[in-house]
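Residue-level structural notes
Listed here are the chains, written in short residue letters.
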Amino acid sequence: MTRSHRMALAAFGCIFLFIIFSSRDPELQKILKSFNFVASPNITKSITLAKLLVVTPSSEEIKTNPIEEIESKPIAPETTSETPIAPETTSTSEQVEVKPSALSKLSIAPETCQNQHGTNTTLSHQDIAEAIQEMLSQNPEEVRFASLGQALYKKAVEQNKYLVTVQIGAMDGASNDPLWGMFVVGDASLSHWMPLAIEPVPKNYENLQLNYKKLQESNNLPCPILARGAVSYDTSNEERMCPFCRFDLDSELENCIGHPDWMTLQIGTLDCAYSKLFFGINFDDCIIQDPLPCAPVGETVEKHGLPQRGVAMVQIDVEGYEAVIIPNMLKDTAKDDLPPIIHFEHKVMYEKDRLNGTTTRMNDTFAILENAGYKLYDQGEDTLALLVA
């Protein structure tokens, strides 16, 4: 193409663009009419098409990316019932498999989960014992709770069964949570994990709901059961309500403001005497004695449609109340139904003993576990108990 041809095309292009844009300008239309130039309807259509393809839209025309809109939309907490340690109820006709588009409830009713949690569909204690022995044979001095749990989940997937866990003191289900760290890896499927999570503090329970809802949406977690309540073995308590001491997050008193989260969200306990000792002069101003639904572990498990023999692991973090829960749980459970794995925090038990000038809480708990056939492994601030006898 010669230079003259290129110049001619450029000139024609300029005239063409002039005509196009003039179709929307009344003043230019008048000028063009004097030269017998009128923009045709086809040119107007070309303008519309060009606008869709190349013109930057105005502020009114900009649409949010649907994906960004979903991701940025906050997840509202579900409305929960205050019935003592009961999951949200749904119709028994609902499918157990939860898809993000059909997600309407956080917990599925016990009758809906029951078939999934039946003894024939959960890892047997024999399956778990084999996994424990395999790990002990490989490196008995380096047994870790996380590695054992991951091995059990892999076995559950291979056998198309379910790994059932019970967590007492679940907090928000994610922060420094051993089960979350054990199972939640990106968006990897959790279709064979069946957790029962119990949490007494209202703010923690609200966040627990949000976090497990996300797991249902992103990780195919089919049937989490969340319960706001506590574990107690007070047999005189027929109404199943226990006084629970927790920090008053709504207090506007100066001495109750500005404390760290570990103090305001984690130091909640049925042991109100310890709470009074811990908070000292701030106890009366900053601590609420909140009546709370409570029941023994076995009763709570069965109420939610789970067979005790189907429970593989019990995770406990209850601010030193482990010294009450563990001995009573072992006493209250038939030997054949004892959970093969118990993982619990011993740090606060040790601190309570130190404050009281004793060693009874931690040492007595360890001795009771060992007498029941558990072998204990130090995990730093926690203890791993494996049923080997």
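See the structure printed just above.
Description of the structure in this document. Since the structure is predicted, the reported quantities are computational estimates derived from the model, not experimental observations. (Residues numbered from 1 in each chain as written. Predicted model: local features only at pLDDT ≥ 70, side-chain atom pairs only at ≥ 80, totals over all residues. Heavy atoms only, no water.)

**A short note on the pattern of salt bridges**
The criterion, for reference: By salt bridge we mean one thing: a side-chain nitrogen of Lys or Arg within 4 Å of a carboxyl oxygen of Asp or Glu. Helix and strand labels come from DSSP, where a helix needs a run of H or I of at least four residues and a strand needs a run of E of at least two; each type is numbered from the N terminus. Remark: exposure states derive from per-residue accessible area (1.4 Å probe, protein chains only) relative to the maximum for the residue type, with buried under 20%, exposed over 50%, and partly exposed in between.
One pass over the structure, following the stated rule, counts 11 salt bridges. For the salt bridge of K203 with E206, the shortest nitrogen-to-oxygen distance reads 3.9 Å. With a gap of 3 residues between them, K203 and E206 both fall in helix 9 (residues 202-219), about one helical turn apart. When its relative accessible area of 31% is taken as the criterion, E206 is described as partly exposed. A salt bridge links D290 to R228; the nearest nitrogen and oxygen atoms lie 3.3 Å apart. You can see D290 sitting in strand 6 (residues 287-295) and its partner R228 sitting in strand 3 (residues 225-228), a full 62 residues away along the chain. Of the two residues, D290 and R228, neither departs from the other in class, the shared state being buried. Within the structure, one salt-bridge network assembled from shared partners comprises R228, R246 and D290.

**Observations regarding the pairing of strand 5 (residues 241-247)**
This is how the line gets drawn: Here, a strand pair is defined by DSSP locating no fewer than two bridges between the strands.
The buried count for strand 5 comes to 5 of 7 residues, which makes it a mostly enclosed element. In terms of strand pairing, strand 5 meets strand 6 through 7 bridges, oriented antiparallel. Note that in strand 6 the partner of C242 across the bridge is L292.

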